[in-house]
Amino acid sequence: MTRQLTVVLTKAGRVKIRYPAARIADDGDRISVRAPWAAEGVRDFGFVRFEPGDVFVEHFWRTRWYAVKEVWTGDGVLKGWYCDVTRPAVLRGGEIHVEDLDLDLWVSADGSSVLRLDEDEFAQSGLGASDPEAAARAVRALDALEDQARTPAGLAALLV
């Protein structure tokens, strides 16, 4: 089992970002990796800042329409969970391929903030017309993530 992988995130048929990650687990369905913040500089969303030194523990499923990313500061404090609604992940060689479907969910570390993100981008993407089944699965995935986030066990229950 290759320890080093490359995560390849595509959107609308183009590579959005690719970055190295260390595989930490693979149970045949869920692939978990650890990677440093891969984008340039700081990304301030208002509700959270991603910045150099942050560490992402990312969980991708071969059968689920989302990825869950635990976001940690460099000194080990959990910031929260950033969830991407995606088509199921495909592991090819040393690469994890995931297609971003625009919908996202943010959950703060204490669970007090659960935010649905980018629903406007999703509506404008045209996926509902070009692939209605995928669009319906994407919406169901976002709903399921939000429902799980609002339970007492939160998103951590998906990662055990």
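Refer to the structure above for everything that follows.
Residues numbered from 1 in each chain as written. Predicted model: local features only at pLDDT ≥ 70, side-chain atom pairs only at ≥ 80, totals over all residues. Heavy atoms only, no water.

Visitor: Explanation requested: the packing of aromatic side chains in the structure shown.
Guide: Geometry of an aromatic ring pair is reported as the spacing of the ring centres plus the angle between the planes. One pass over the structure, following the stated rule, counts ten aromatic pairs. Between tryptophan 37 and phenylalanine 56, the ring centres sit 5.7 Å apart and the planes meet at 25°, which makes this aromatic pair stacked. Residue tryptophan 37 is located in the loop between β3 (30-36) and β4 (43-44), and its partner phenylalanine 56 is located in strand β6 (residues 55-61); the two are separated by 19 residues in the primary sequence. Each of the two residues, tryptophan 37 as well as phenylalanine 56, counts as buried. Taking 5.6 Å as the distance between ring centres and 25° as the angle between the ring planes, the aromatic pair formed by phenylalanine 45 and phenylalanine 47 counts as stacked. With a relative accessible area of 25%, phenylalanine 45 lands in the partly exposed category. Classification of phenylalanine 47 as partly exposed rests on a relative accessible area of 31%. (Phe/Tyr/Trp six-rings, centres within 6.5 Å; stacked < 30°, edge-to-face > 60°. Helix = DSSP H or I, 4+ residues; strand = E, 2+ residues; numbered from the N terminus. Buried < 20%, exposed > 50% of the residue type's maximum accessible area, 1.4 Å probe, protein only.)

Visitor: Please clarify how helix α3 (residues 132-149) should be interpreted in this entry.
Guide: Helical geometry note: an α-helix holds 3.6 residues per turn, so side chains three or four residues apart project in the same direction. Given a rise of 1.5 Å per residue, 18 residues ought to cover 26 Å, and the 26 Å separating the end C-alpha atoms of α3 matches this to within 8%. Buried residues of α3: Ala134, Ala135, Ala138, Ala141, Leu142, Leu145, Glu146 and Ala149, and no others. For α3, the angular spread of buried residues about the axis comes to 130°, placing them on one side. Turned more than 90 degrees from where α3 packs its buried face, Pro132, Glu133, Arg140 and Asp147 sit exposed. On its buried side, α3 packs onto β7 (66-72), β8 (78-86), β10 (95-108), β11 (114-117), α1 (119-124) and α2 (127-130). (Expected span 1.5 Å × (residues − 1). Arc of directions from axis to C-beta. Contact = heavy atoms within 4.5 Å.)

Visitor: Before we go on, may I ask you to explain the nonpolar core in this structure?
Guide: For soluble globular proteins, nonpolar side chains are generally found buried alongside one another. If you look at the biggest cluster of nonpolar residues, it comprises 24 residues, and the most contacted ones within it are Val68, Leu105, Leu145 and Leu155. Within the residue set of this core, elements represented by two or more residues are β7, β8, β10 and α3. Top contributing element to this core by residue count: α3, with seven residues. Apart from residues no more than four positions distant in its own chain, leucine 145 is found in contact with Tyr66, Val68, Cys83, Leu105, Leu155 and Leu158. Core analysis: the next-biggest nonpolar cluster, separate from the first, contains 13 residues, Tyr19, Val33, Phe60 and Ala89 among them. (Core = buried A, V, L, I, M, F, W, Y, C linked by side-chain atoms within 4.5 Å.)

Visitor: Would you explain the pattern of salt bridges in this entry?
Guide: Pairing of side chains with opposite charge becomes possible as their charged atoms draw close. According to the stated counting rule, one finds 18 salt bridges in the structure shown. The salt bridge partner of aspartate 26 is arginine 62, with a shortest N-O separation of 2.8 Å. Of this pair, aspartate 26 sits in strand β2 (residues 14-26) while arginine 62 sits in the loop between β6 and β7; the two residues are 36 residues apart in sequence, bridging distant segments of the chain. Judged by its relative accessible area of 24%, aspartate 26 falls in the partly exposed class. Arginine 62 gets classed as partly exposed once you look at its relative accessible area, which sits at 27%. Among the salt bridges present, the one from glutamate 146 reaches arginine 116, with a minimum N-O distance of 2.6 Å. Of the two residues, glutamate 146 is situated in helix α3 and arginine 116 in strand β11; the sequence distance between them amounts to 30 residues. (Salt bridge = Lys/Arg side-chain N within 4 Å of Asp/Glu carboxyl O.)

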